[in-house]
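Chains, contacts and geometry: an overview
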Amino acid sequence: MTDLGPNDMVDRNGWGRDRPAPAGSPRDPPAAFVEQANVSDEDIYERFAAEWPDCWERAAALLSWNRSYESVLEDGDAPRYRWFTGGQLNAAYNCVDRHLEEGRKTHAAIRWEGKQGERETHTYRDLYVAVNEFAAALCDLGVDEDDIVTIYLPMIPELPIAMLACARIGAPHSVVFAGLSADALAARMDAADSEYLITCDGYYRRGDAFNQKSKVDNARLELEHDVETVVVDRLGEDLPHVLGDDEWDYHDLREAFAGETVEPVSRDAEDMLFLMYTSGTTGEPKGVVHTTGGYLAHVAWTARSVLDVEPADTYWCAADIGWITGHSYIVYGPLALGTTTVMYEGTPDYPDRDRLWEIIDRNAVDVFYTAPTAVRAFMKWGEEYPDRHDLSSLRLLGSVGEPINPRAWEWYHEHIGNEECPIVDTWWQTETGAIMVSTLPGVDEMKPGVAGPGLPGIDVQVVDDDGEPVEPGGTGYLTVDRPWPGMARTLYDDDDRFRSEYWGRFSTPENDDWTYFSGDAASVDEDGYVTVLGRVDDVIKVAGRRLSTMEIEGAVTDAKGVAEAAVVGRSSEAAGTDIYAYVSTERDCEPDDDVRHGIETAVESAIGELAVPERIVFTPELPKTRSGKIMRRLLEDVANGEELGDTSALRNPEIVGEIQSESDG
Ligand code: PRX
């Protein structure tokens with residue numbers, strides 16, 4: 001693994017290196033909120049600490065178990081911890097069936113807001129019928145327990161229905177974000193040996209029909225194995241399509257299995273619920289494995305204690321289900337609690353910049369959870385858009401995915417929350433499964449720009465290079481000392497990488513002492529509140545989405561005429577980070593618009609449009625050390641207009657000035 005020195009701590013939000021943002025003035029949670037909060041017990045931290053790990057039984061108690069677990073935590077095979085062992089349950093039963101039994105048949109489970117202005121309400125009863133029929137269809141197609149089913153769908157109701165149908169029959173799903181490319185889809189299906197795919201003909205982008213099926217066709221050509229494919233007809237007449245071999249129409253299948261029910265399969269707590277591919281420190285995406293019991297308990301518990309979700313609420317997490325935030329806090333957490341979860345397909349500025357506020361107003365949304373990149377965009381558009389709507393139904397606001405700077409926090413608090421809603425700034429990761437660091441909104445003081453303490457039962461530590469906790473005010477690496485139920489159990493087919501990337505840096509296996517390293521830098525204050533500064537590895541967050549600079553670099557280098565490339569992140573007001581690519585071309589290749597276009601196309605086809613660099617800077621050579629390594633950190637300084645560090649180790653220092661002037665140009 002890369003050796004990370006203190007100078008590697010990069011704050012990508014323009015706050016300067018090694019220095020947390022000055023926090024805004026602290027606020028107590030509003031009394032009216034505290035009075036009704038799900039958790040308002042000030043002793044909760046002490047009680048969880050005293051009872052650990054049994055404290056997590058409170059999370060498990062939010063679920064219905066077919067067979068009770070025998071032990072809360074087994075640590076004999078650390079860092080492959082096992083939670084709630086011996087217990088059996090079914091995630092779909094927990095998210096759907098039991099709510100019918102509890103008298104919530106006609107309660108809205110999902111409210112869907114489509115891109116074309118469509119609106120649908122799916123009650124828990126509707127969801128039950130859909131999930132059962134589709135589960136029956138999947139069984140008929142040959143899906144067995146433990147087969148991995150890939151789902152490649154945009155934000156339409158069939159996406160959570162498909163996830164829950166898989167969960168019902170014990171087939172782990174692997175959802176691939178609909179905006180990723182054919183190559184990315186094929187790579188993930190290949191890595192997971194996935195022989196089943198649920199997708200659609202296309203979807204709407206700002207009103208235009210976009211063909212998703214052609215990406216699927218290309219991906220299938222790349223795969224060596226056959227793929228049974230279910231296609232949701234989303235576009236109808238707007239994009240007629242013909243089904244090929246091994247392809248099935250979703251609606252026909254539903255009709256063929258109308259009224260059928262399928263017994264939910266009892267899964268062991270430690271059985272895989274899903275696989276989620278995410279970017280890591282190398283070009284290879286990694287398949288993060290989440291389990292049924294621990295994951296579901298952790299997401300349900302945090303949806304209840306941090307997001308304060310109640311069954312009677314209308315709750316809206318405006319993320320995409322194609323990433324972990326949507327899995328945990330659009331689908332599994334809220335549905336496990338029996339609430340109404342809003343799902344929207346769209347862009348916040350289409351048809352106008354008040355789309356989100358209109359949805360909140362119309363649905364009387366109680367809890368709203370989004371990413372700082374969205375808040376910064378709203379702030380730029382101005383308060384006239386939220387001002388057009390009645391947002392008084394809101395009780396709590398949440399932030400996730402990147403650091404939220406105090407200015408954006410204040411704007412969110414004032415203009416969306418009317419200074420009456422607490423804000424939870426929640427830090428977590430694909431690998432942690434659920435929220436790890438946040439204030440408890442009914443208990444803790446909020447500090448704008450500062451995420452908060454580790455949640456009760458979560459032992460978060462900011463440590464120095466030697467793994468020693470830093471003093472209050474200090475900066476270091478964000479680590480977690482004790483296991484937690486929602487943690488990833490391994491990387492699919494790559495346990496060695498799981499051990500080295502997360503547990504290799506700060507653990508001492510000879511003492512059986514295991515510490516999880518998040519890949520983030522952070523600072524901690526005298527109250528134990530953590531300010532997350534950003535990644536210290538080759539992962540970047542662009543508009544809240546996680547990408548790997550190495551993966552993008554691989555795609556850029558594959559473009560015609562490119563000799564070498566280095567990809568770095570540049571702090572940006574809007575997206576948090578923009579992608580900058582520094583490229584040198586082959587000797588006989590003129591760096592021109594054709595090469596530029598070729599690079600853009602190569603990245604789009606290898607990963608997806610979301611990874612296309614904001615800027616491509618051509619340079620005759622890349623800055624290199626005497627041993628021939630590209631000095632990416634120097635390029636990052638150049639991209640960010642920062643003062644350059646020591647360049648004495650460079651073999652070609654003269655190139656730096658040239659790159660700087662190209663970058664500025
Ligand atoms: O750098 C941290 C940032 O997002 C990374 C995890 O990305 P991903 O796996 O895509 O999960 C995103 C949604 C949970 C982290 O390593 N991050 C996440 N939440 C915050 C954050 N950075 C600062 N503050 C946060 N609240």
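Residues numbered from 1 in each chain as written. Predicted model: local features only at pLDDT ≥ 70, side-chain atom pairs only at ≥ 80, totals over all residues. Heavy atoms only, no water.

Where an unreviewed UniProt entry is consulted, the chain appears under the name Acetate--CoA ligase, with the organism given as Halobiforma nitratireducens JCM 10879. Per UniProt, the chain has the following entry under Sequence similarities (unreviewed entry): "Belongs to the ATP-dependent AMP-binding enzyme family." (UniProt positions renumbered as here; feature names shortened; annotations may be inferred.)

By the definition in use, this model includes 40 salt bridges. A salt bridge links Arg27 to Glu410, with the shortest nitrogen-to-oxygen separation between them at 2.5 Å. Here the residue Arg27 occupies a position in the segment before helix H1 (31-36), and Glu410 occupies one in helix H15 (residues 406-416), the gap between them amounting to 383 residues. Given the relative accessible area of 22%, Arg27 is considered partly exposed. Given a relative accessible area of 24%, Glu410 falls into the partly exposed group. Because the salt bridges share partners, they merge into one network encompassing Glu113, Arg119, Glu358 and Arg362. (Salt bridge = Lys/Arg side-chain N within 4 Å of Asp/Glu carboxyl O. Helix = DSSP H or I, 4+ residues; strand = E, 2+ residues; numbered from the N terminus. Buried < 20%, exposed > 50% of the residue type's maximum accessible area, 1.4 Å probe, protein only.)

For Asp201, the position within the fold is in the loop between strand S8 (196-200) and strand S9 (202-205). This buried residue, Asp201, is left without a salt bridge; Arg234 holds the nearest opposite charge, at 7.1 Å. One polar contact links the side chain of Asp201 to the main-chain amide nitrogen of Leu235, over a distance of 3.2 Å. Each residue touching Asp201, except ones within four places of it in the same chain, is listed here: Phe210, Asn211, Gln212, Lys213, Val231, Val232, Asp233, Arg234, Leu235, Gly236, Leu239 and His241. (Lys, Arg positive; Asp, Glu negative; His and termini not counted. Polar contact = N/O pair within 3.5 Å; in protein donor to acceptor, adjacent residues only side chain to side chain. Contact = heavy atoms within 4.5 Å.)

So, about the packing of helix H17 (residues 549-558) against helix H18 (residues 593-606). Running from amino to carboxyl end, H17 crosses H18 at an angle of 130 degrees, the nearest separation of the two axes being 8 Å. Between H17 and H18, the angle falls in the class oblique. Once H17 is placed against H18, the crossing between them reads as right-handed. Facing Ile552, Ala555 and Val556 of H17, the residues of H18 in contact are Ile599, Ala602, Val603 and Ala606. The residue makeup of the contact of H17 with H18, split by class, is seven nonpolar, no polar and no charged. (Axes fitted to C-alpha atoms, helices over the stretch in contact; angles between N-to-C directions. Parallel < 35°, antiparallel > 145°, perpendicular 65-115°, else oblique. Left-handed = near helix turned anticlockwise from the far one by under 90°. Nonpolar A, V, L, I, M, F, W, Y, C, P; charged D, E, K, R; others polar.)

Packing of helix H5 (residues 124-141) against helix H6 (residues 158-169) brings their axes to within 8 Å, and their N-to-C directions diverge by 65 degrees. Relative to H6, the crossing made by H5 is right-handed. The residues of H6 that touch H5, namely those facing Leu127, Tyr128, Ala130, Val131, Asn132, Phe134, Ala135, Leu138 and Cys139, are Ile161, Ala162, Leu164, Ala165, Cys166, Arg168 and Ile169. For the contact of H5 with H6, the per-class residue count stands at 14 nonpolar, one polar and one charged.

Turning to the UniProt feature "domain: AMP-binding enzyme C-terminal" (unreviewed entry) in the chain, a few remarks are in order. In the numbering adopted here, UniProt assigns the feature "domain: AMP-binding enzyme C-terminal" (unreviewed entry) to residues 551-629. Secondary structure over residues 551-629 splits into 28% helix and 32% strand, and the C-alpha atoms at its two ends are 17 Å apart.

Within the secondary structure, Arg376 sits in helix H13 (residues 372-381). Here Glu573 takes part through its backbone oxygen, which lies 2.7 Å from a polar atom of the side chain of Arg376.

On to the nonpolar core, then. Within the largest apolar cluster, 126 residues are counted, with the highest numbers of intra-cluster contacts made by Phe134, Ile151, Tyr329 and Tyr332. At 11 residues, H5 tops the list of elements feeding residues into this core. In terms of domain composition, this core takes at least three residues from each of domain 1 (24-90 + 436-537) and domain 2 (122-265). Setting aside its immediate chain neighbours within four residues, Ile151 contacts Leu159, Ala162, Met163, Cys166, His173, Ser174, Val175, Val176 and Ile198. Counting 38 residues, the second-largest nonpolar core is a separate cluster that includes Val556, Val595, Ile607 and Leu610. (Core = buried A, V, L, I, M, F, W, Y, C linked by side-chain atoms within 4.5 Å. Domains from an automatic or database assignment.)

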